[in-house]
Amino acid sequence: MHQFQLSDTSRMLFRTYSLLIALALGACTSAPTQQSAPQQPIVNQADDALTEARYSQNLNVLLTQVSETQEIPLSTLQTGFLDAKTIPSIRKLVLPPSGTFKKNWLVYRKRFIEPIRLKAGKAFWEENQAYLTQVEQESGVPAEVIVAIIGIETIYGRQTGNFRVKDVLSTLAFSYPDTPNKVAREQLFKDQLKELILLCWKEAGGTLPGKNSTQGLNSARFSACLNQNSSYAGAIGLPQFMPSSIRSFAVDGDGDGRIDLKQSPKDAIASVANFMKMHGWQAGMPIYFPVQENAIPAARQLADGEPQLKYTVAELIEKGILSKQQGDLQRGGVEPQSKAMIVDLPYPDKDGADQVQYFVGLNNFLTIVQYNRSYFYAQSVAEFAEALGYKNRSVVPIEASPKATNSKASHETVPAKKSSGKKKSKSANKTTG
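We now turn to the structure provided with this report. Everything numeric in this text was worked out from a predicted model, so none of it was measured.

### Regarding the state of the cysteines
So, step 1. In the structure shown here, the tally under the stated rule is 1 disulfide.
So, step 2. Covalent S-S linkage joins Cys-200 and Cys-225, the inter-sulfur distance amounting to 2.1 Å. Looking down the S-S bond of the Cys-200 and Cys-225 bridge, the torsion is -70 degrees, so its handedness is left-handed. Placement of the pair is Cys-200 in helix H10 (residues 182-203) and Cys-225 in helix H11 (residues 219-226), with a sequence separation of 25 residues.

This is the structure:
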């Protein structure tokens, strides 16, 4: 989801993956999707009368605000939301986990990095290889990373959600469950609902501001946009973009004049790459480094769960967390002054004791976190990409030789030697106290 989805979607996944499996709902399960099975119907469930009345009143207030600020005819907006309803099951899906819930990196990873999803990823890559290569060259975002994100999000469009997006966003905007962050969460979804309206208005041919006219508006397309399917958090299409991210980062990859993240793989590919590039992806740089096996205690002291690049690679080398090779750009590492953070991935062992696997997240790791605010998610994307062939190391230009006469020589690139570590990452597991 995106930026937002992209933001808190993964935390919602942590909280609800057991529930989703039990209910056989939700996107991105490790079980195969039967393509021949009929699509699940859109879920609309009316709540009690009092809640619905309050919901309708608050929704009308928001529509009036959008109408006034964007000069869109209020009657058109009201017609578009005439059948909008709250969805009680959505409120259950976004509830925080129970006190006995333990985050489990190993279960999470196994759910996403598994044969069915990887096989689908390779097929998706083969079908879109030429375009993926083009986008990688233009954006600097590796094809494997793009394919990994779309695969983890929706298994390449197999699981994009079965809730009407206008119902999802309006439910969470005006009927969020009673949690400590209820006010902030409702405001977030109010903003996303406004973004959806503006997105659909533009997609249907409307202008902004609307100048209080429906001239040029395709009413059927406006309605279809409001009623399209989404996840339980309101994320849309193959890459699961929230409405704000669609408006800010989605692009027309296939050149047909419109952005369609549901049916156009090219639009999805280009949009993911653009999101990553706009959020600071560094071309040719690795995503993460394994922590040196004997430096687990030092890594534990620095791990605070905050997605911020707080340390330099040189500092982490000095503490023994990274090797000198990882601070050498010519040997597959990064510049010593590159910023990094400690990534902690907890899981319970077979006896229920708390364990943690540690990594060092680099700039590109943080970029993935901007797509979905979860260390579990970002590390899964990195390892999914590696399973597809991504080399998690730097790629630096060859310096032109004084004797070189061919101009091509100064533009060639070579991969630096692969840093040691993938095997070490598996042994970086230690009880946390």
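### Observations regarding the layout of surface pockets
So, step 1. Put simply, the second largest pocket is a space of about 360 Å³.
So, step 2. Taken together, 16 residues form the lining of the second largest pocket, with Glu-136, Gly-140, Pro-142, Gly-284 and Val-395 sitting closest to its centre.
So, step 3. Among the residues forming the lining of the second largest pocket, the class breakdown is 6 nonpolar, 6 polar and 4 charged.

### Regarding unusual backbone geometry
So, step 1. Each neighbour pair has its own omega, and for Leu-208 with Pro-209 the value is 0 degrees, a cis peptide bond.
So, step 2. With respect to the element layout, Pro-209 can be found in the loop between H10 and H11.
So, step 3. The backbone of Lys-211 shows a phi angle near 55 degrees, a positive value even though the residue is not glycine.
So, step 4. Structurally, the position occupied by Lys-211 is in the loop between H10 and H11.
So, step 5. Exposure remark for Lys-211: the relative accessible area of 63% places this residue in the exposed category.

### Here's the deal with the environment of Ser-394
So, step 1. Relative to the elements of secondary structure, Ser-394 occurs in the loop between helix H17 (375-387) and strand E7 (395-397).
So, step 2. Ser-394 sits 63 residues away from Arg-331 along the chain, and the two C-alpha atoms are 7.7 Å apart.
So, step 3. Separated by 3.0 Å, the side chain of Ser-394 and the backbone oxygen of Gly-333 make a polar contact.

### With respect to the pattern of salt bridges
So, step 1. Scanning the model with the defined rule gives 14 salt bridges in all.
So, step 2. The partner of Lys-310 in a salt bridge is Asp-304, with the nearest N and O atoms 2.4 Å apart.
So, step 3. Given the relative accessible area of 38%, Asp-304 is considered partly exposed.
So, step 4. Beyond isolated ion pairs, a larger network of salt bridges with shared partners links Asp-83, Arg-164, Lys-166 and Asp-167.

### Digging into the pairing of strand E5 (residues 339-348)
So, step 1. Summarising the sheet, strand E4 (residues 311-312) and E5 pair through 2 bridges and their orientation is antiparallel. Counted as the bridge partner of Thr-312 is Lys-339 from E5.
So, step 2. The turn joining E5 and strand E6 (residues 354-361), which pair antiparallel and follow one another in sequence, is formed by 5 residues; a positive phi near 85 degrees is taken by Gly-352.

### So, the packing of aromatic side chains
So, step 1. Going through the model one piece at a time under the given rule, you end up with 14 aromatic pairs.
So, step 2. On the basis of an interplanar angle of 70 degrees and a centroid distance of 6.3 Å, the ring pair of Tyr-55 and Phe-174 is categorised as edge-to-face. Residue Tyr-55 is located in helix H2 (residues 49-70), and its partner Phe-174 is located in helix H9 (residues 165-174); the two are separated by 119 residues in the primary sequence.
So, step 3. In this structure Tyr-55 comes out as buried when scored by relative accessible area, which is 2%.
So, step 4. Their ring planes at 55 degrees and their centres at 4.8 Å tell us that Tyr-108 and Phe-112 sit as a pair that is tilted.

### Remarks on H2
So, step 1. Here H2 is 22 residues long and its end C-alpha atoms lie 31 Å apart, about the 32 Å a rise of 1.5 Å per residue gives.
So, step 2. Turning to H2, its buried residues are Thr-51, Glu-52, Tyr-55, Leu-59, Leu-62, Leu-63, Val-66 and Ser-67. One side of H2 carries all its buried residues, which in axial view fall inside an arc of 140 degrees. Exposed side of H2, more than 90 degrees from the buried face: Leu-50, Gln-57 and Glu-68 are the residues found there.

Parameters at a glance
Residues numbered from 1 in each chain as written. Predicted model: local features only at pLDDT ≥ 70, side-chain atom pairs only at ≥ 80, totals over all residues. Heavy atoms only, no water. Disulfide = S-S within 2.5 Å. Helix = DSSP H or I, 4+ residues; strand = E, 2+ residues; numbered from the N terminus. 1 Å grid on protein atoms, 1.4 Å probe; cavity = no way out; pocket = protein on both sides within 12 Å on 5 of 7 lines; lining within 4 Å. Points joined across faces, edges and corners; volume = space filled by probe spheres on them. Nonpolar A, V, L, I, M, F, W, Y, C, P; charged D, E, K, R; others polar. Buried < 20%, exposed > 50% of the residue type's maximum accessible area, 1.4 Å probe, protein only. Polar contact = N/O pair within 3.5 Å; in protein donor to acceptor, adjacent residues only side chain to side chain. Salt bridge = Lys/Arg side-chain N within 4 Å of Asp/Glu carboxyl O. Pairing = 2+ DSSP bridges. Phe/Tyr/Trp six-rings, centres within 6.5 Å; stacked < 30°, edge-to-face > 60°. Expected span 1.5 Å × (residues − 1). Arc of directions from axis to C-beta.

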